[in-house]
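As a plain string of letters, each chain reads:
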Amino acid sequence: MISIQRLDKHFGGVFAVHNCSFTVEENTITSLIGPNGAGKTTLFNLVCGIIKPDGGEVFLRGKDITGLCPHAIARLGISRTFQQARLFRNMSVRDNLRLAKNAGDAELKDILHKVHFPLGLDTRASDLSYGQTRLLELARALLKPHKLLLLDEPTAGVNPHVRQELKKILINLKKEGDTIVLIEHDMEFVMSISDEVIVMAGGAVLTRGTPEEVQSDKRVLEAYLGK
Amino acid sequence: MAFINYLVHLGILVCIYSILTISLNWAVGFTGLLNLGHVGFFGIGAYASALLAMSGVPVWLSLIFGALFAGVFGLLLALPTTRLKGDYLALATLGFAFIMGSVTRNWTGLTRGALGIPGIPKIVHGNYAFLAIVFIIAVVVYFIFFLLSRSRFGKTCEAVRDDELAAKMLGKNTFLHKIWALGISAFFAGLGGGLFAHYITFIDPSIFGLGDLILLFSMLIVGGLASVKGSFIGTAVLLLLPEPLRFIGFPSAILGPMREIIFALILLLILIYKPRGICGKVDLG
C-alpha cells in the first residue's frame, strides 16, 4: 500500500527522520512505536506532504507522491488525524463532517454513533471537551474517502471504554478493506490489534515484526529505557 | 423636504457601505484573510468606473468593468500574499492600498493626481431613483453572499479560516479557495467603489486612506465576523448612530472628533459585552 524509501528530514542540524525505509502491506494494521522524538509524527507529516523531505521517496500504491501538495495526496486516498485534534472550531459538528464527505444526516449520525460521539450534529466544535474533539476528528477521518488511514495517538485522552470500542472499530475497518497505520504509546492497545509493529528510534526503523517478535526484542527495551 | 433628502442620502450611504462591509467580511470573517487592502479595491473600482464613464463608456458598463478590474486586482494580489499568514498578510495588503493611493496621486496624466476627478456622470438623475437602484443592488449582493455562505465553497472557505492544514488533509485546495475568496471580495468592493464615485461625482486619492478602512473594520466588528446580516446591521449602526449629533448644534470642528469618539465607544462596548459582535459567529482571533 505504502512504501517509504530512504526518507530523510532534518531540522537544522538534527535529523528527525534519517534513512528511514519500510513498506506497509494492504489491508493490515501497522503500529509505529518508539520513544518521544523518534520521528514518528514527522514521518506522518512527510507522507502527507505537510513537510517536504530532504531526501528519499514515498510511494502510495506504486505511485510516487513525494513532493506533491498535501491536498493532492489527501485526494489520492490518505486520511489522517493529529495528536492534537484539528477541528473547524467555529463550525458545527455537521459542517465539520460534511467537509470530509458530502453526506446526509443519517450517514453522519451513523459515523458518530460508530465512534461513540455523544452529542448532536448541531453542536459547535468549540464547545466540545478534549476527548470529544478526538472522537469527532476520528469520525471525520473515517468519513473522508480513503484507502490509507493514518492515526496519530488515537487513544490519547479517550476514556477506557471508548478505547476498547476503538479496537473493534479499527479491526472492523480492516475487515472492510482499510489499511491503517497508527502511532501509539498504549502498548496493550498496540499489541492487541497490530498485524505488524514498527519500532522507530533516532529517526530510523530500529526493528519491525509481529507484536510477539517486537516484545521479545531487547533493542526495543533499550530504545525506551536506555542500556 | 431637505430632511427627506438628507434621509435619502443616508440610505444611499448605508447601501453602498453595506456592500463594502459584506464583501470585506467575506475575506476577513469567512475566509480568515486579514485583508487591510479593501480600500484599495474600493478605490480601484471607483477610479476605473469613473475614468471609463468619462471616456464615453456607458455608465452601467463602466460600473461592471470597474468591479471586474478590482476583482482581477484581488486575484493578482492574492497570488503572492495568501501564502502569508495573519499579521504579515495584513501588512502586505495594507501596503497594496498605500501603493494604489500613491499611484493615483502621482499618475497625474490619468488621474489628475491630488486634484481628483470632478464631474463623474451619475447613473440616474435624482437621488430617489439612485436610492432605489443601490437598494436593489445591495439586496442582490446580500443574497449572493448569503447563498455563498451556505454553499460548499463557502463552507470550505470557513474551514480554511479555522484550520487550513485540516482542510488540506480533507483534500481541499486551500490556496485556490483563498484566491477566489479575495477575488470575489475585491469584485464587490470595486462595485461599491463605482457606485460611490457615480453618486458623489468626485473622487480623489484620499479614497485610499486609512479613515474609511478603520470605519469598515469597525462596521465589520460591530456587526460580527462571518455574518452577512451582521455586516448590514453593523454598517447601519455605525453610519446612523452618530447622525443625531448634527442636530445638537455643535460646530463642525467638534462634530468630526465627536463621531470618532462615538465609533470608539461603540467598538469598546461591543468588545466588552459582545465580543463576537451583534450577529457574529466567529471568535475574534
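Structure shown above.
Residues numbered from 1 in each chain as written. Chains lettered and ligands numbered in written order. Predicted model: local features only at pLDDT ≥ 70, side-chain atom pairs only at ≥ 80, totals over all residues.

Backbone hydrogen bonds hold the strands of a sheet together, and the pairing may be parallel or antiparallel. Residue and element names in this part refer to chain A. Ordered in space as β6-β7-β8-β3-β9-β10, the 6 strands form an open sheet in which the pairing is mixed. Every interior strand has two partners, whereas the edge strands, β6 (78–80) and β10 (204–209), have only one. Averaged over all pairs of adjacent strands, the angle between their axes in this sheet comes to 20 degrees, without regard to strand direction. In the sheet, strand β7 (residues 148–152) pairs with strand β8 (residues 179–183) via 5 bridges, with the strands oriented parallel. Looking across to β8, one finds that D152 is bridged to I183. (Pairing = 2+ DSSP bridges. Helix = DSSP H or I, 4+ residues; strand = E, 2+ residues; numbered from the N terminus. Axes fitted to C-alpha atoms, helices over the stretch in contact; angles between N-to-C directions.)

Facing the 18 residues of chain B at the interface are 17 residues of chain A. Contributing elements (two or more residues each) for the side of chain B that touches chain A: α7 (152–162) and α8 (164–169) of chain B. In terms of residue count, α7(B) provides more of the side of chain B that touches chain A than any other element does, 5 residues in total. Residue composition of the side of chain B that touches chain A, by class: 6 nonpolar, 4 polar and 8 charged. (Contact = placed C-beta atoms within 7 Å. Nonpolar A, V, L, I, M, F, W, Y, C, P; charged D, E, K, R; others polar.)

All names here are of chain A. Within β7, 5 of the 5 residues are buried, which leaves it mostly tucked inside the rest of the structure. Residues of β7 alternate between two faces, with L148, L150 and D152 on one and L149 and L151 on the opposite face, all of them buried. By the bridge criterion, 3 bridges tie β6 to β7 in an arrangement that is parallel. Along β7, the bridge assignment pairs I78 with L148. (Buried ≥ 20, exposed ≤ 12 C-beta atoms within 10 Å, placed from the backbone.)

With that out of the way, let us pick up helix α6 (residues 160–175) of chain A. Think of an α-helix as turning once every 3.6 residues; residues three or four places apart then point the same way. All names here are of chain A. With 16 residues, α6 should cover 22 Å at 1.5 Å per step; its first-to-last C-alpha distance of 23 Å lies within 8% of that length. For α6, the complete set of buried residues consists of V162, L166 and L170. All buried residues of α6 fall inside an arc of 85 degrees around its axis, so they share one side. α6 presents P160, H161, K168, N172 and K175 as exposed residues on the side facing more than 90 degrees away from its buried surface. Where the residues of α6 are buried, they touch β3 (29–33), β8 and α7 (187–193). A positive phi of about 110 degrees marks G177, the residue just after α6. (Expected span 1.5 Å × (residues − 1). Arc of directions from axis to C-beta.)

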